[in-house]
Amino acid sequence: MLSYLHGFHSGNHADVLKHTVLTAILARLIAKDKPLRYIDTHAGAGGYDLNTPAAQKNREHAAGIGRIWLAPDAPPAVARLLELAYRYNGEGPLRRYPGSPWLAHESLRAEDRLQLFELHPAEYRRLANDFARARNVRVLHEDGLKGCIGLVPPPERRGVLLIDPSYERTEEQREVIDAAVKAHQRFATGVIAIWYPIIDRYAADKFERALRAKGLTPFSTYELCVAKAERDRGLFGSGMFVVNPPWQLDDELAVALPWLAKELDRDGAANWRCESTAR
Ligand SMILES: C[S@@+](CC[C@H](N)C(=O)[O-])C[C@H]1O[C@@H](n2cnc3c(N)ncnc32)[C@H](O)[C@@H]1O
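A quick note: this is a predicted structure, and the numbers were derived from the prediction, not measured.

Asks: Quick question: what am I supposed to make of the site of the ligand here?
Replies: Around the ligand sit 21 residues, and of these His-42, Gly-44, Gly-99, Ser-100 and His-120 come closest. A per-class count over the shell around the ligand returns seven nonpolar, nine polar and five charged.

Asks: Help me out: how do you make sense of the sheet that holds strand 5 (residues 137-140) in this one?
Replies: Within a sheet, each strand pairs with its neighbour through backbone hydrogen bonds, oriented either parallel or antiparallel. Here we have eight strands laid out as an open sheet, ordered 5-4-1-6-7-9-8-10, and mixed in their pairing. Where the open sheet ends on each side, the last strands, each with one partner, are strand 5 and strand 10 (271-276). Taking each pair of neighbouring strands and ignoring which way they run, the sheet shows an average axis angle of 10°. Taken together, the seven bridges between strand 8 (residues 219-225) and strand 9 (residues 237-243) define a ladder with antiparallel strand orientation. Bridging from a neighbouring strand, Tyr-222 pairs with Met-240 of strand 9. Strand contacts of helix 9 (residues 201-212): strand 7 (191-198), strand 8 and strand 9, with the helix running at about 160° to strand 7, the strand carrying the most contacts.

Asks: Just to check I follow, could you spell out the pairing of strand 6 (residues 159-163) for this structure?
Replies: Of all the five residues making up strand 6, five are buried; the element is thus mostly covered by neighbouring parts of the structure. Here strand 6 shows a buried face lined by Gly-159, Leu-161 and Ile-163 and a second buried face lined by Val-160 and Leu-162. You can see the chain leave strand 6, run along helix 8 (residues 172-186) and come back into strand 7, and the turn it takes is right-handed.

Asks: Please explain the environment of Ile-198 as it appears in this structure.
Replies: Turning to its location among the elements, Ile-198 is positioned in strand 7. Residue classification places Ile-198 among the buried residues on the basis of 20 C-beta atoms within 10 Å. In sequence terms Ile-198 and Glu-223 are 25 residues apart; their C-alpha atoms lie 9.2 Å from each other.

Asks: What am I meant to see in the packing of helix 4 (residues 76-89) against helix 10 (residues 249-264) here?
Replies: To characterise two packed helices, one gives the angle between the axes of the helices and the distance between these axes. The contact between helix 4 and helix 10 brings their axes to 7 Å, and the two run at 75°. Of the possible angle classes, the one that applies to helix 4 and helix 10 is roughly perpendicular. Across the interface between the two elements, Pro-76, Ala-77 and Val-78 of helix 4 pack against Glu-252, Leu-253, Ala-256, Trp-259 and Leu-260 of helix 10. For the contact of helix 4 with helix 10, a count of residues per class yields seven nonpolar, no polar and one charged.

Asks: Sorry, what's going on with the nonpolar core here?
Replies: Nonpolar side chains tend to gather and get buried jointly when the protein is soluble and globular. Judged by nonpolar contacts, the single largest core of 82 residues is most densely connected at Val-21, Ile-25, Ala-180, Ala-193, Ile-194 and Leu-260. Looking at this core element by element, the count peaks at nine residues for helix 1 (residues 13-29). When sequence neighbours within four positions are dropped, the list of residues in contact with Ile-194 reads Ile-163, Val-176, Ala-180, Met-240 and Phe-241.

Asks: Any chance you could explain the environment of Ala-79 here in plain terms?
Replies: By the secondary structure assignment, Ala-79 is in helix 4. According to the C-beta neighbour criterion, Ala-79 is partly exposed, with 16 such atoms within 10 Å. Sequence spacing of Ala-79 and Leu-260 is 181 residues, and the spatial spacing of their C-alpha atoms is 11 Å.

Asks: In this structure, what is going on with the packing of helix 1 against helix 5 (residues 100-107)? I would like to understand it.
Replies: Two elements in contact, helix 1 and helix 5, have axes separated by 10 Å at closest approach and are oriented at 25°. Relative to helix 5, helix 1 is oriented roughly parallel. Crossing hand, helix 1 versus helix 5: right-handed. Residue-level inspection shows His-19, Leu-22, Thr-23, Leu-26 and Ala-27 of helix 1 in contact with helix 5, the latter providing Ser-100, Leu-103, Ala-104 and Ser-107.

Asks: What's the story with unusual backbone geometry in this structure? I'm lost.
Replies: Excluding glycine, a negative phi dihedral is what most residues carry, and trans is how most peptide bonds are arranged. Following Val-152, the chain continues into Pro-153 via a peptide bond in cis, with omega recorded as -5°. Among the secondary structure elements, Pro-153 is positioned in the loop between helix 7 (144-147) and strand 6. Of the consecutive residues Thr-217 and Pro-218, the connecting peptide bond is found in the cis state with omega at -10°. In this structure, Pro-218 sits in the loop between helix 9 and strand 8. A positive phi angle, near 60°, is found at Asn-244, a position not held by glycine. Relative to the helices and strands, Asn-244 is located in the loop between strand 9 and helix 10.

Asks: Which parts of the structure should I look at to understand the environment of Gly-237?
Replies: As for its placement among the helices and strands, Gly-237 is situated in strand 9. Overall, the presence of 26 C-beta atoms within 10 Å leaves Gly-237 in the buried class. Taking the C-alpha atoms as reference points, Gly-237 and Cys-225, separated by twelve residues in sequence, lie 3.8 Å from one another. Apart from the residues lying within four places of it in its own chain, the contact partners of Gly-237 are Ile-198, Glu-223, Leu-224, Cys-225 and Val-226.

Scoring rules and cut-offs
- Residues numbered from 1 in each chain as written.
- Predicted model: local features only at pLDDT ≥ 70, side-chain atom pairs only at ≥ 80, totals over all residues.
- Near = placed C-beta within 6 Å.
- Nonpolar A, V, L, I, M, F, W, Y, C, P; charged D, E, K, R; others polar.
- Pairing = 2+ DSSP bridges.
- Helix = DSSP H or I, 4+ residues; strand = E, 2+ residues; numbered from the N terminus.
- Axes fitted to C-alpha atoms, helices over the stretch in contact; angles between N-to-C directions.
- Contact = placed C-beta atoms within 7 Å.
- Buried ≥ 20, exposed ≤ 12 C-beta atoms within 10 Å, placed from the backbone.
- Right-handed = clockwise from strand over helix to strand, strands pointing away.
- Parallel < 35°, antiparallel > 145°, perpendicular 65-115°, else oblique.
- Core = buried A, V, L, I, M, F, W, Y, C linked by C-beta atoms within 7 Å.
- Left-handed = near helix turned anticlockwise from the far one by under 90°.

It is worth stressing that arrangement in space is one thing and function is another; only the former is reported here.
Here it is as structure tokens:
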């Protein structure tokens, strides 16, 4: 059952949060002159046209990337994402928004290698097509949560694992925790970044407690809620759990998240969180 299509949601507040954190992680890692591996377990289509009927249905991007497009005062982590998004969009008004594979490929260097998993046949075809000529990218039509385990530790011994499911199935949280634990056992120094939705505050907190109980350290939580926590409000927030956050990532995001909360606020109740275990 693969009914989720990211094209309905591309560029929304959750994408802005996830991609701000992801590109900040990659920028910090490439500061070191050694190759690294990027593994995207749920890659999506790679990038999205915002004029399609899917994107126009609820125009989620308008309340996300649309609110900060061309902002003159974005803090460094958001300015980095915006620069990449402008490059993907090209000149003119906002009409296209990149996905995690494109952002990662653009952020990384020729010597870095990327492995992108996508199960949905049509999304996989678009992704494979977009990266057909990229020599350092492999696109895999396989289950990313299972497939990523065999790929770690990578020969480079440095790397990022992005886990970004749609959480449509109730078992998905447990599967994500199992995959993160297994990946961490095999690759203790790897960065593991896990996106999670906040539709139900209680469920999101329970997920965080379950993951923290596994003792994957150091561990940071970066969260952005754009509205008051209320039942039946849909996706009012999201976050990223990051195992082995790069040095000073917290400092950069502790500046970016309050700015995003201010800009993407819907009802005066937007809030953010940046919490880390001791190193
Ligand atoms: C939230 S979207 C990914 C968005 C993308 N990471 C981004 O930030 O642009 C989740 C994607 O995972 C795919 N998917 C679902 N289950 C999967 C699995 N077990 N392995 C690989 N891909 C999967 C879906 O088809 C969907 O395209």
